[in-house]
Amino acid sequence: MRTLWRNGRLVTLAGSGWCTIERGAMIVDGPRLQWIGHDTGLPRDLQVDAEHDLGGALVTPGLVDCHTHLVYGGQRANEFEMRLQGATYEDIARAGGGIRSTVAATRAASDETLFDSAAARARALMAEGVTTLEIKSGYGLALQHEARCLRVARRIGRELPVSVSTTCLAAHALPPEFEGRADAYIDAVCAWLPALHAERLVDAVDAFCENIAFTPAQTRRVFDAARALGLPVKLHAEQLSDQDGAALAAGHQALSCDHLEWLSARGVRAMAAAGTVAVLLPGAFYFLRETKLPPVQALRDAGVPIAIASDHNPGSSPGLSLLLMLNMACTLFRLTPEEALRGATVNGARALGLADRGTLAPGKRADFAVWALEHPNELAYWFGHQPCRRVVVAGEERR
Ligand code: NIG
Ligand code: FE
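A. Main features of the layout of surface pockets. Within this model, the largest pocket holds a volume of roughly 320 Å³. If you go around the largest pocket, you meet 17 residues; those closest to its centre are Ala93, Arg100, Ala173, Leu174 and Ile212. At the level of elements, helix 2 (89–94) and helix 3 (99–108) are the ones that each hand at least two residues to the lining of the largest pocket. The residue makeup of the lining of the largest pocket, split by class, is 10 nonpolar, 4 polar and 3 charged. Taken as a whole, the second largest pocket holds about 270 Å³ of empty space. Lining of the second largest pocket is provided by 14 residues; of these, Arg83, Ala87, Phe287, Leu288 and Arg289 occupy positions nearest its centre. Here the lining of the second largest pocket takes 3 residues from helix 1 (residues 77–84), the largest share from any one element. Of the residues assigned to the lining of the second largest pocket, the class counts are 8 nonpolar, 2 polar and 4 charged.

B. Main features of the sheet that holds strand 9 (residues 204–207). Taken together, 4 strands build an open sheet; the order of strands is 6-7-8-9 and the sheet is parallel. Two strands in the sheet have a free side with no partner beyond their single neighbour: strand 6 (63–65) and strand 9. Taken over all neighbouring pairs, the strand axes of this sheet differ in orientation by 20 degrees on average, direction set aside. Pairing of strand 6 with strand 7 (residues 130–136) involves 3 bridges; the strand directions are parallel. Opposite aspartate 65, over in strand 7, you have leucine 133 as the bridge partner. Across the sheet, helix 6 (residues 182–198) touches strand 8 (163–171) and strand 9, and the angle it forms with strand 8 is around 150 degrees.

C. The arrangement of the coordination of the iron ion (ligand 2) in detail. The protein atoms donating to the iron ion (ligand 2) are His67 (NE2), His69 (NE2), His236 (NE2) and Asp311 (OD), with metal-donor distances spanning 2.0 to 2.3 Å. Mapped onto the sequence, the donors of the iron ion (ligand 2) take the spacing H-x1-H-x166-H-x74-D. Taken together, the residues span a long stretch of sequence, with histidine 69 in the loop between strand 6 and helix 1 and aspartate 311 in the loop between strand 13 (306–308) and helix 12 (322–331) at a distance of 242 residues. For the residue pair histidine 69 and aspartate 311, the accessibility class agrees, reading buried in each case.

D. View of the sheet that holds strand 10 (residues 234–237). Read across the sheet, 4 strands follow the order 10-11-12-13 without closing on themselves; strand pairing throughout is parallel. For this open sheet the edge positions go to strand 10 and strand 13, each flanked by a neighbour on one side alone. Here the strands of the sheet are splayed against their neighbours by 25 degrees on average, with no regard to which way each runs. The pairing of strand 10 with strand 11 (residues 256–259) spans 4 bridges and is parallel. When the sheet's bridge partners are listed, leucine 235 is paired in strand 11 with cysteine 257.

E. Here's a closer look at the pairing of strand 9. Of the two faces of strand 9, the one holding Ala204 and Asp206 and the one holding Val205 and Ala207 are both buried throughout. Relative to strand 9, strand 8 is paired through 3 bridges, and the arrangement is parallel. Bridging across to strand 9, threonine 167 finds its partner in alanine 204. For the handedness criterion, the β-α-β arrangement of strand 8, helix 6 and strand 9 is classed as right-handed.

F. Structural detail: empty space enclosed by the protein. Evaluation of the coordinates by the stated rule reveals 1 cavity of 30 Å³ or more. Lining the largest cavity are 14 residues, with Tyr89, His172, His236, Asn313 and Ser316 positioned closest to its centre. Taken together, the residues of the lining of the largest cavity sort by class into 4 nonpolar, 8 polar and 2 charged.

G. Layout of the side chain of asparagine 347. As for its position among the elements, asparagine 347 is in helix 14 (residues 346–351). Here asparagine 347 is in contact with Val277, Pro305, Ile306, Ala307 and Arg342, once residues within four sequence places are set aside.

H. Looking closely at the nonpolar core. In terms of nonpolar packing, the biggest core is built from 98 residues, with Ile156, Tyr185, Leu260, Leu280, Leu326 and Trp371 touching the most fellow members. The element contributing the most residues to this core is helix 6, with 8 residues. When neighbours within four sequence positions are excluded, tryptophan 371 is seen to be in contact with Ala57, Leu58, Thr60, Leu63, Glu128, Gly129, Leu323, Leu379, Pro387, Cys388 and Arg389. Residues Trp5, Leu10, Met26 and Leu33 belong to the second largest nonpolar core, which totals 15 residues.

I. The pattern of salt bridges, seen in detail. The full count for this structure, using the stated rule, is 24 salt bridges. Its salt-bridge partner being arginine 107, residue glutamate 177 comes within 2.8 Å of it at the nearest N-O pair. Separated by 70 residues along the polypeptide, glutamate 177 in the loop between strand 8 and helix 6 and arginine 107 in helix 3 bring together distant segments of the chain. By relative accessible area, arginine 107 is classed as partly exposed at 23%. The salt bridge partner of arginine 266 is aspartate 244, with a shortest N-O separation of 2.9 Å. Linking arginine 266 in helix 9 (residues 265–274) with aspartate 244 in the loop between strand 10 and helix 8 (245–251), this pair joins segments that are 22 residues apart in sequence. By relative accessible area, arginine 266 is classed as partly exposed at 46%. Several salt bridges converge on common partners, so that one network encompasses Arg6, Asp39, Glu51 and Asp53.

Scoring rules and cut-offs
- Residues numbered from 1 in each chain as written.
- Chains lettered and ligands numbered in written order.
- Predicted model: local features only at pLDDT ≥ 70, side-chain atom pairs only at ≥ 80, totals over all residues.
- Heavy atoms only, no water.
- 1 Å grid on protein atoms, 1.4 Å probe; cavity = no way out; pocket = protein on both sides within 12 Å on 5 of 7 lines; lining within 4 Å.
- Points joined across faces, edges and corners; volume = space filled by probe spheres on them.
- Helix = DSSP H or I, 4+ residues; strand = E, 2+ residues; numbered from the N terminus.
- Nonpolar A, V, L, I, M, F, W, Y, C, P; charged D, E, K, R; others polar.
- Pairing = 2+ DSSP bridges.
- Axes fitted to C-alpha atoms, helices over the stretch in contact; angles between N-to-C directions.
- Contact = heavy atoms within 4.5 Å.
- Donors = N, O, S within 2.8 Å, 3.2 Å for Na, K, Ca; no water.
- Buried < 20%, exposed > 50% of the residue type's maximum accessible area, 1.4 Å probe, protein only.
- Right-handed = clockwise from strand over helix to strand, strands pointing away.
- Core = buried A, V, L, I, M, F, W, Y, C linked by side-chain atoms within 4.5 Å.
- Salt bridge = Lys/Arg side-chain N within 4 Å of Asp/Glu carboxyl O.

Shown next, in the form of structure tokens:
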């Protein structure tokens with residue numbers, strides 16, 4: 001099936017700047033972009049099965065949300081209230097709430113409930129032009145429950161018109177049955193990975209390296225087990241304190257390090273040397289009322305690619321709008337609107353190891369969104385506004 005999309009204002013992001021083609025056309029062949037250029041440059045003898053006039057509308061690459069925790073049971077509005085009364089995120093976690101309370105609710109939920117709730121969240125993200133979604137486990141924390149959550153993530157990718165990348169985050173928190181035995185839990189996580197990998201449930205392996213979670217030494221063991229299976233790694237690093245996690249992750253050729261408010265100059269250098277993407281998560285920064293900003297200028301100076309993601313989860317970022325994250329990346333972290341859009345397209349894709357998407361160029365996946373906007377800088381400007389009009393995923397229009 002060959003389709004022609006013509007008369008669009010195409011923001012390709014395929015070079016430096018927005019790379020806008022006015023009155024642009026795209027020829028889509030099956031799931032891929034075959035040709036992109038000015039309407040006037042279309043081959044004269046072109047034969048297509050269908051043709052769409054975009055009416056001058058703005059088109060961008062489909063959005064990539066490269067960091068979500070979409071599969072979980074329950075919610076934690078009570079902890080939000082506790083924090084409003086003065087408790088900190090760390091206090092709540094140390095008292096057995098936080099991630100552990102979501103683990104209890106997730107284990108108690110049926111597969112159907114987990115799927116239905118995660119699918120509803122995925123649809124909310126997709127409505128704003130998301131065509132690729134990363135989904136982490138990390139609220140099961142037992143082999144059977146981590147596998148269940150990853151199967152739900154895979155099912156979302158099969159049943160919804162969105163491409164899903166899965167990440168195993170079994171090293172997210174210490175489950176109650178391993179209280180006081182963190183090293184034994186890490187042994188267990190390392191032993192689960194081959195089975196999860198054999199079932200093709202894992203595209204990458206993540207961990208939470210933090211004083212309320214796992215040490216660098218424990219994180220290293222998880223990374224060694226992942227790399228031994230050929231799986232790429234990523235890390236929740238330097239969110240609440242500097243654990244030197246980014247340098248550790250970069251030493252394992254991590255695809256990304258995420259959060260990074262406490263990232264050191266040494267961490268920046270290590271990430272630059274390894275080509276690791278910095279995934280900034282303004283939703284968690286905002287919702288936890290953090291004050292320490294990630295070192296954006298140092299990342300720019302070192303040439304570290306910056307991605308932006310929702311970090312959707314019930315504890316630190318219960319939001320379902322990637323466009324709001326673009327706005328917050330600009331207002332809170334001072335990214336430019338172009339950096340923010342690159343963060344949720346080409347650099348988000350890179351954080352997932354996906355080189356086939358994130359720009360509009362021949363050979364890339366035909367993933368794009370059509371917007372009721374004049375200029376791409378408006379994607380980071382409006383908030384609480386839904387300007388997405390049409391979405392095409394792997395060449396097919398989403399209905
Ligand atoms: O990315 N930092 C660790 N994990 C999540 C929060 C998990 C939770 O509070 O449920 C995050 O912020
Ligand atoms: Fe996260």
